[in-house]
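# Results of the structural survey
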Amino acid sequence: MTIEEDCARAVDGLTIPVLLHRNATEFGTLPALTTVDGPEAVTLTWAQLHAEVAAVTCGLDKLGLRPGDRMLIMMSARTEHWIVDLAAVHLGAVPCTAYQTLSPDQLRYLGRHSKAPVIVLEGAEELARWRPILDDLPDLRTVLVLDEDTVPDGDSRFHRLSDVVAAGRAAYETSRQAFTDLWHAVSSGQPVTLLYTSGTTGDPKGVLLSHSNVIYQAAALEAMVPTPAHAPSVSYLPLAHIAERVLGIYVPVFRAGHVHICADASRLVAALCRVRPASFFGVPRVWEKMVAALQAITALLPDDQRVAFERAHALTLDAYRSRARGLPVDEGLAAEVAELDQSVLQPVRAMLGLDELIWPGSGAAPIPVDTLYYLAGVGIEVLEVWGMTETTGTATINTPRRFRPGTVGLPHVGMRVKLADDGEILVGGPLVCLGYLQPDGTVTDQVDVDGLLATGDVGSLDADGFLTITDRKKELIITSSGKNISPARIEGMLRTHPLVGHAAAIGDRRPYVTALIALDEEAAPAWARARGISTDDLAALAGHPAVLAELHKVVTAANERLARAEQVKKYRVLGQPWTPESGELTPTLKLRRRVIAERCADLIDDLYRTEVTANSV
């Protein structure tokens, strides 16, 4: 039997409620959710989690939430978020988490498009975002608020979540069979969640994923990169992100794992050191910050320790490069690498809580190969994956046994990948979503007659079937001379330096490529302090001679690796960071190119005026 057949058989007919019931029955005393941000860890076992979900399910049922209804959630990472989400699923309703950084206008779009009759909010901050637009949502009936002290008086739409839970708990204790009947009615082909895309090039799309989609993904990941049963993990990305939704909810439910919730991403390393997870997924920017931290740590080592680290790093990287090419590693080198790993590299990984990793993953955007190589030299072999919300996350995958740095791997279990004539990547298989939710409540299937989804990404396949992503189809730069250029490739090279938070390559219908560089809010001041520069102000640093000189080296080094048409001829260093809150980035830290182009129009025009002095190379 093939791996594909094994996965299909393993998930046949399963739903998330079935798996949660199994966990409560078979693994009831094992930990399910732990909150690690507070002074003391608070844990729910699988039996306790199931009981809480049952109470909220019955409460939502009494409130009138019905199968197929959408329910919007805006909460931080906390156990109540998981509970409310899973409760909606047990009713056959469709939960949808909204990013907490969305503006009222963006929330209005989600509310109208989803036609959600119920919205669940955490407290004052979330209320402040939603209240201005609630009257613009004709389908809204009920707003549940977790922080009962913030519930507005005199508005019948608002309810305390605690009251709903109390009523539901009483109903559950009265008739547990009624709860069982509710989740038994849920089928594997029904939607399990609604996720809205980032909207980098237009309005967000509402993607519907089924129970079968997410459970198959969990089974396929386990088949390709096995991890121990009940393994610990750290959840730190928003649950509106497909990666966190799969890895923070569905995989742990499938494997009865132990999720440690880290609500404050600035405390991620502390959480990792506490948990020492078997798997960890980071978007490229997270791994780039890890590299910056490691470089800072090793730079402060005494000379003898630093020399030992550099030797261990070089030899480990040599072995990694051989394995990446499918070549055997010399026995003598392998033995030396193993010894140095234990004595030199393992303690360095332990400083970041990554010493027990089996599967370090990266996705959501291209990760620079230099970042992969640096981490591999420390013994952290990050496996890049590719996919999208519409493919339940991962559609292609590098694995510990078959990987190729710079590619996003081979097709995932059961998935088909082919290229259209223009290089657009087409995918098909059990991970492709149900379709897009339409404003009238219908769902439009997005696959063609061959069952393939046009992804909007452009790529290439090598002779062994490894996929390389070139760029987004709509984001390719076509210069005035007709050269097709990938901005992501250029931007990835610039981002490898800790000074650079984000970079945007410009040049569509222009004579040459330019770039806007936004300094990193955390790393740039730290870099400056280490060199005796007293200011932490980004605006001041953006004009500081030492910073400009260093960035000139960064751009020059990138240009040496780029074809002439791709090289950055001029650039401008910005004095303000780019963030989701300020609008230049999506909640998943992708560039909103249209916003950047509009806000920086004058700066961009200046870069193409020869008489204006600008940073140039």
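Residues numbered from 1 in each chain as written. Predicted model: local features only at pLDDT ≥ 70, side-chain atom pairs only at ≥ 80, totals over all residues. Heavy atoms only, no water.

Going by the annotation in an unreviewed UniProt entry, the name recorded for the chain is Acyl-CoA synthetase, with Actinophytocola algeriensis given as the source organism. Heading Sequence similarities (unreviewed entry) of the UniProt record for the chain holds this comment: "Belongs to the ATP-dependent AMP-binding enzyme family." The chain has a UniProt comment under Catalytic activity (unreviewed entry) that states "a long-chain fatty acid + ATP + CoA = a long-chain fatty acyl-CoA + AMP + diphosphate". (UniProt positions renumbered as here; feature names shortened; annotations may be inferred.)

### Brief notes about the overall build of the chain
Looking only at helices and strands, one finds 21 helices and 28 strands in the chain. Relative to the globule expectation of 25 Å for 617 residues, the C-alpha radius of gyration of the chain, 25 Å, shows essentially globular dimensions. Taken along the three principal axes of its C-alpha coordinates, the chain extends 70 × 60 × 55 Å. Considering only contacts within the chain whose residues lie at least 6 apart along the sequence, 67% involve residues at least 24 apart. Positive and negative side-chain charges of the chain, numbering 57 and 76 respectively, have mean locations separated by a distance of 3 Å. (Helix = DSSP H or I, 4+ residues; strand = E, 2+ residues; numbered from the N terminus. Rg over C-alpha atoms; globule rule 2.2 N^0.38 Å. Contact = heavy atoms within 4.5 Å. Lys, Arg positive; Asp, Glu negative; His and termini not counted. Charge placed at Lys NZ, Arg CZ, Asp CG, Glu CD.)

### As for empty space enclosed by the protein
In total, this model carries 4 cavities of 30 Å³ or more according to the counting rule given. Approximately 390 Å³ is the volume attributed to the largest cavity. Listing elements by their share of the lining of the largest cavity, those giving two or more residues are helix H9 (211-224), strand S10 (232-235), helix H10 (242-255) and strand S12 (279-282). Sort the elements by how many residues they give to the lining of the largest cavity and H10 lands first, with 7 residues. Of the residues that constitute the lining of the largest cavity, the class distribution is 16 nonpolar, 8 polar and 3 charged. (1 Å grid on protein atoms, 1.4 Å probe; cavity = no way out; pocket = protein on both sides within 12 Å on 5 of 7 lines; lining within 4 Å. Points joined across faces, edges and corners; volume = space filled by probe spheres on them. Nonpolar A, V, L, I, M, F, W, Y, C, P; charged D, E, K, R; others polar.)

### Some thoughts on the packing of aromatic side chains
In this structure the tally under the stated criterion is 6 aromatic pairs. With a centroid separation of 5.5 Å and an interplanar angle of 85°, the aromatic rings of Tyr172 and Phe179 are classed as edge-to-face. Look at Tyr172 and you get buried, because its relative accessible area is 9%. Residue classification places Phe179 among the buried residues on the basis of a relative accessible area of 2%. Between Tyr320 and Phe403, the aromatic rings sit 5.2 Å apart at their centres with planes inclined by 20°, giving stacked as the arrangement. With Tyr320 in helix H13 (residues 303-324) and Phe403 in the loop between strand S15 (393-397) and strand S16 (410-411), this pair connects stretches of sequence that are 83 residues apart. (Phe/Tyr/Trp six-rings, centres within 6.5 Å; stacked < 30°, edge-to-face > 60°. Buried < 20%, exposed > 50% of the residue type's maximum accessible area, 1.4 Å probe, protein only.)

### Re the sheet that holds strand S8 (residues 191-196)
Within a beta sheet, neighbouring strands are joined by backbone hydrogen bonds and run either parallel or antiparallel to one another. Across the sheet, 4 strands lie side by side as S8-S9-S19-S20; this open sheet has antiparallel pairing. Of all the strands in the sheet, just S8 and strand S20 (443-444) have a single pairing partner and so form its edges. By the bridge criterion, 5 bridges tie S8 to strand S9 (residues 206-210) in an arrangement that is antiparallel. The partner of Leu195 across the bridge, within S9, is Val207. Sheet contacts for H9: S8 and S9; angle to S9, the most-contacted strand, approximately 70°. Its contacts with the sheet place H10 against S8 and S9, and it is angled at close to 150° to S8. (Pairing = 2+ DSSP bridges. Axes fitted to C-alpha atoms, helices over the stretch in contact; angles between N-to-C directions.)

### With respect to the environment of Arg349
With respect to the helices and strands, Arg349 occurs in helix H14 (residues 331-350). Taking C-alpha positions, Arg349 is 8.8 Å from Leu294, a pair spaced 55 residues apart along the chain. Setting aside its immediate chain neighbours within four residues, Arg349 contacts Asp341, Leu354, Asp355, Val378, Gly379 and Ile380.

### Thoughts on the pattern of salt bridges
Evaluated as defined, the whole model comprises 31 salt bridges. A salt bridge links Arg285 to Asp520, with the shortest nitrogen-to-oxygen separation between them at 2.4 Å. Highlighted residues: Arg285 in helix H12 (residues 284-299) and Asp520 in the loop between strand S26 (513-519) and helix H17 (523-530), separated in sequence by 235 residues. For the pair Arg285 and Asp520, a shared accessibility class is recorded, and that class is buried. The partner of Asp536 in a salt bridge is Arg529, and the shortest N-O contact between them spans 3.0 Å. A network of salt bridges, in which partner residues are shared, links Arg285, Glu288, Lys289, Arg495, Asp520 and Glu522. (Salt bridge = Lys/Arg side-chain N within 4 Å of Asp/Glu carboxyl O.)

### Details of the packing of helix H4 (residues 79-91) against H10
Across the interface, H4 lies against H10 with an axial gap of 12 Å and an inter-helix angle of 80°. Between H4 and H10, the angle falls in the class roughly perpendicular. On the side of H4, the interface is formed by Trp82, Asp85 and Leu86, while H10 contributes Arg245, Gly248 and Ile249. Split into classes, the residues belonging to the contact of H4 with H10 amount to 3 nonpolar, 1 polar and 2 charged. (Parallel < 35°, antiparallel > 145°, perpendicular 65-115°, else oblique.)

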